[in-house]
Structures are given as structure tokens and as C-alpha cells.
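# Coordinate inspection notes
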Number of protein chains: 2
Amino acid sequence: MPKVDLQAIPQTNATGYPAHLADVVQQRWYRRLSPATGLTDFGASHVVLKPGAWSAQRHWHECEDELLVIIAGTAVLVDDTGRTPLVAGDVAAFPKNDGNGHCLVNESDADCVFLVIGKSVNGPCHYPDVDMRELGGGDKRRKDGTPFSR
Amino acid sequence: MPKVDLQAIPQTNATGYPAHLADVVQQRWYRRLSPATGLTDFGASHVVLKPGAWSAQRHWHECEDELLVIIAGTAVLVDDTGRTPLVAGDVAAFPKNDGNGHCLVNESDADCVFLVIGKSVNGPCHYPDVDMRELGGGDKRRKDGTPFSR
């Protein structure tokens with residue numbers, strides 16, 4: 001059945017961030033659609049940002065394009081150019097290696113739901129606002145290269 | 001600016017189908033988002049199906065996963081399992097080489113808007129209901145291999 005039964009896919013708020021940077025994504029609830037549906041060409045996540053939640057720490061990927069579309073609710077896109085309101089139907093694209101850190105913040109009182117597409121396996125990722133970088137494959141460290149003690 | 005200015009991207013109803021199979025997609029208006037936004041990892045199209053329009057002749061790809069999300073309006077997903085209504089927020093996934101021909105049909109009186117993700121360049125594609133197959137790279141022929149005269 002091509003229609004995806006979203007309710008049948010486990011929803012998680014798991015994060016690889018160290019605890020002191022994870023508060024903002026604790027109410028980011030997502031479902032990974034590709035493993036559940038047999039897709040391998042790209043990764044896709046169905047994300048619910050509860051009021052106050054961020055999609056991520058502001059970041060940019062060296063090697064992965066990202067694309068998202070707002071399905072319901074509103075969010076503020078924060079990037080180097082400032083703050084951009086997004087509403088249902090809005091699309092945002094983040095070309096790899098553009099050096100423009102971005103994230104969504106749900107500043108409303110209602111859930112924000114969006115679909116985001118990217119590669120399934122991440123390479124290096126940069127976080128301009130916090131002392132973290134990702135070397136790839138989920139290996140997140142301080143900017144001086146030392147590991148977090150979690 | 002990561003937010004995509006959809007109105008600034010040309011909308012087209014172009015099709016590679018031969019004229020006698022193209023009627024159903026004449027009111028399928030789409031914008032190719034990846035070239036417009038600098039994404040290369042995958043293709044993405046923002047599609048408006050006017051009332052009565054189909055997303056495509058029913059088809060399945062040998063080599064490309066597809067994923068779509070309904071942004072507004074409704075459509076009927078037609079595939080080997082039957083007819084499945086889709087509404088805003090619904091997601092459908094079509095793993096490559098699944099042999100399950102699919103298309104969307106807008107049977108409503110309002111526009112149906114959806115976002116669809118796939119590879120930018122298509123390989124072989126099969127059309128179970130009509131005398132057409134695609135060898136790849138847009139080369140569509142009759143099932144006996146003869147070219148269409150267009």
C-alpha cells in the first residue's frame with residue numbers, strides 16, 4: 001500500500017546532541033519514513049515540532065542537500081539572513097555546503113508539522129551558534145575535536 | 001534565502017508523452033524545484049493538479065524511489081491495490097522496482113497541490129495500462145519498441 005500509515009511508524013524524539021544542547025529538540029517528534037517504506041534513494045522524516053521546539057541546532061551540511069515543506073502550522077526559519085515565517089505549503093531548500101546555518105523554531109501555540117528530505121547518512125555538519133561540530137556518521141564533538149562526555 | 005519563492009519558478013505542463021496519451025496530464029502544472037534552488041542530490045517538483053488532471057499515466061520506475069506529500073486539496077491514489085483517497089498531510093511512498101503502477105487523479109472540483117521527490121534523471125519506467133514504456137532518459141516508445149511519431 002503506497003499510502004504511508006504514519007500512525008504505524010514509531011515516533012521518537014531521540015537526538016545525538018549532548019544533553020546540554022538537546023533541550024531545544026526535546027519536543028521535536030519525528031518518524032523516519034524511508035526505512036519504514038523501503039525507500040533507499042533518500043531519507044525522509046515526518047516531523048512534529050511541539051510549541052517551542054526547534055528542528056535542530058542551527059546547522060549546515062557539507063555534503064547533503066535538504067528540502068522541507070510545511071504541512072501544518074507555522075514555524076520561523078532562522079538563518080544567516082534573519083527570520084522568515086513559514087506557513088503550510090511553504091517550501092525551503094538548503095543546498096549542501098552553502099555555509100548558511102538554518103533551523104526552524106515553532107514559536108506558535110500549535111504543532112508545526114513538516115516533511116524533510118535529505119540523505120540517509122550524514123557527512124560533516126557545522127553548527128555556527130554552539131560549540132559542536134559533526135565529523136560525519138553521527139560523530140559529534142566540540143569544535144576543538146574533543147568528544148563530549150555524555 | 002532558503003524559503004523557496006514558488007511564484008518565481010516557471011510553472012509548466014510540459015510532458016514527454018505522445019499526444020494521444022497526454023490528455024490526462026494537460027492540467028498537471030509543475031515547478032521543478034531542484035534546478036531552481038541548487039539541489040542536486042534528488043529531484044523535487046511542486047505540482048498542481050487542476051480538477052480532473054492526473055499526475056501521470058499509471059506507472060512504476062525500475063530504478064527510482066518516489067515520495068509525495070499532499071499539501072492541499074484531495075486526490076485519489078490509483079494502484080494495483082485499488083483506489084485510496086489522499087488528503088492534505090497524507091504521504092505516499094513508491095519504492096523502486098515494486099511493480100505497482102501508480103498515479104494520482106484529482107476527482108475533486110478544487111486544485112490538488114503536492115510535493116514529489118525522486119531522482120532527477122529517470123531510468124526505465126513501465127506503464128501497465130497503456131502501450132508505452134520508457135527505456136530511460138525520456139526515451140518513450142511503444143511496448144514493441146517502435147518509436148512514437150509525434
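Below you will find a few notes about this structure.

Rules behind the numbers
- Residues numbered from 1 in each chain as written.
- Chains lettered and ligands numbered in written order.
- Predicted model: local features only at pLDDT ≥ 70, side-chain atom pairs only at ≥ 80, totals over all residues.
- Heavy atoms only, no water.
- Helix = DSSP H or I, 4+ residues; strand = E, 2+ residues; numbered from the N terminus.
- Rg over C-alpha atoms; globule rule 2.2 N^0.38 Å.
- Buried < 20%, exposed > 50% of the residue type's maximum accessible area, 1.4 Å probe, protein only.
- Contact = heavy atoms within 4.5 Å.
- Areas by Shrake-Rupley, 256 points an atom, 1.4 Å probe, with all protein chains shown as cover.
- Lys, Arg positive; Asp, Glu negative; His and termini not counted.
- Charge placed at Lys NZ, Arg CZ, Asp CG, Glu CD.
- Phe/Tyr/Trp six-rings, centres within 6.5 Å; stacked < 30°, edge-to-face > 60°.
- Least-squares fit on C-alpha atoms with pLDDT ≥ 70 in both.
- Pairing = 2+ DSSP bridges.
- Axes fitted to C-alpha atoms, helices over the stretch in contact; angles between N-to-C directions.

## Things to note about the overall build of chain A
When you go through chain A residue by residue, the secondary structure sums to 1 helix and 12 strands. Put simply, chain A runs from its N terminus to its C terminus through helices and strands in the order β-α-β-β-β-β-β-β-β-β-β-β-β. Rg of the C-alpha trace for chain A: 15 Å, near the compact-globule value of 15 Å for 150 residues, within the 12% margin. C-alpha extents for chain A along the principal axes are approximately 45 × 35 × 30 Å. The burial tally for chain A puts 50% of its 150 residues in the buried class. Partitioning the contacts of chain A with sequence separation of at least 6, the portion at a separation of at least 24 is 59%. Surface accessibility of chain A: about 6,600 Å² in total, with carbon and sulfur atoms responsible for 51%. Across chain A, the 15 positively charged side chains and the 19 negatively charged ones have centroids separated by 5 Å.

## Quick look at the packing of aromatic side chains
Applying the stated criterion across every chain yields a total of 3 aromatic pairs over all chains. Consider the rings of Phe42 of chain A and Phe42 of chain B, whose centres lie 6.4 Å apart with planes at 55°: the pair is tilted. Linking Phe42 of chain A in the loop between α1 (33–37) and β2 (43–49) with Phe42 of chain B in the loop between α1 (33–37) and β2 (43–49), this pair reaches from one chain into another. Assessed through its relative accessible area of 2%, Phe42 of chain B is described here as buried. Considering the side-chain rings of Tyr17 of chain B and Tyr127 of chain B, the 5.9 Å spacing of their centres and the 90° angle between planes classify their relative orientation as edge-to-face. A residue pair is termed long-range when its members are at least 10 positions apart, and Tyr17 of chain B in the segment before β1 (28–32) and Tyr127 of chain B in the loop between β10 (125–126) and β11 (133–134) qualify at 110 residues. As far as burial versus exposure is concerned, Tyr17 of chain B and Tyr127 of chain B are alike and both buried.

## Remarks on the relation of the copies chain A and chain B
The two copies are related by a screw motion: chain A maps onto chain B through a turn of 180° and a shift of 0.0 Å along the axis, at an RMSD of 0.0 Å. When the rotation and shift are considered jointly, the pair of chain copies conforms to a two-fold rotation axis. Relative to the rotation axis, the C-alpha of Ile71 of chain A is the closest in chain A, positioned 3.1 Å from it. When you check the interface residues of chain A against chain B, 100% turn up at the interface there too, and the contact is symmetric in its surfaces.

## Focus on the sheet that holds strand β8 (residues 103–105) of chain A
All names here are of chain A. If you walk across this open sheet you meet the 3 strands as β6-β5-β8, and the pairing is antiparallel. Each edge of the open sheet is held by one strand with a lone partner, namely β6 (82–87) and β8. Each strand of the sheet is rotated relative to its neighbour by a mean of 35°, with strand direction disregarded. Across 6 bridges, the pairing between strand β5 (residues 74–79) and β6 is antiparallel. In the strand pairing of β6, Leu77 is matched with Thr84.

## Observations concerning the environment of Leu104 of chain B
Residues and elements named next belong to chain B. With respect to the helices and strands, Leu104 occurs in strand β8 (residues 103–105). Looking at Leu104, the relative accessible area reads 1%, which means it is buried. Considering only alpha carbons, one finds Leu104 and Asp79, 25 residues apart in sequence, at a separation of 8.9 Å. Sequence-distant contacts of Leu104, defined by excluding residues within four places in its chain, comprise Leu49, Ala53, Trp54, Ser55, Leu68, Ile70, Ala75, Val76, Leu77, Leu86 and Phe114.

## Examining the sheet that holds strand β12 (residues 140–141) of chain B
Residue and element names in this part refer to chain B. One open sheet holds the 4 strands; their spatial order is β3-β10-β11-β12, and the pairing between them is antiparallel. Here the strands that pair on one side only, and so sit at the sheet edges, are β3 (60–61) and β12. Where β10 meets β11, 2 bridges bridge the pair, whose relative direction is antiparallel. Paired with Cys125 across the two strands is Glu134, which belongs to β11.

## Observations regarding the environment of Ala19 of chain B
Among the structural elements, Ala19 of chain B can be located in the segment before β1. As a C-alpha pair, Ala19 of chain B and Ser149 of chain B span 130 residues in sequence and 9.5 Å in three-dimensional space.

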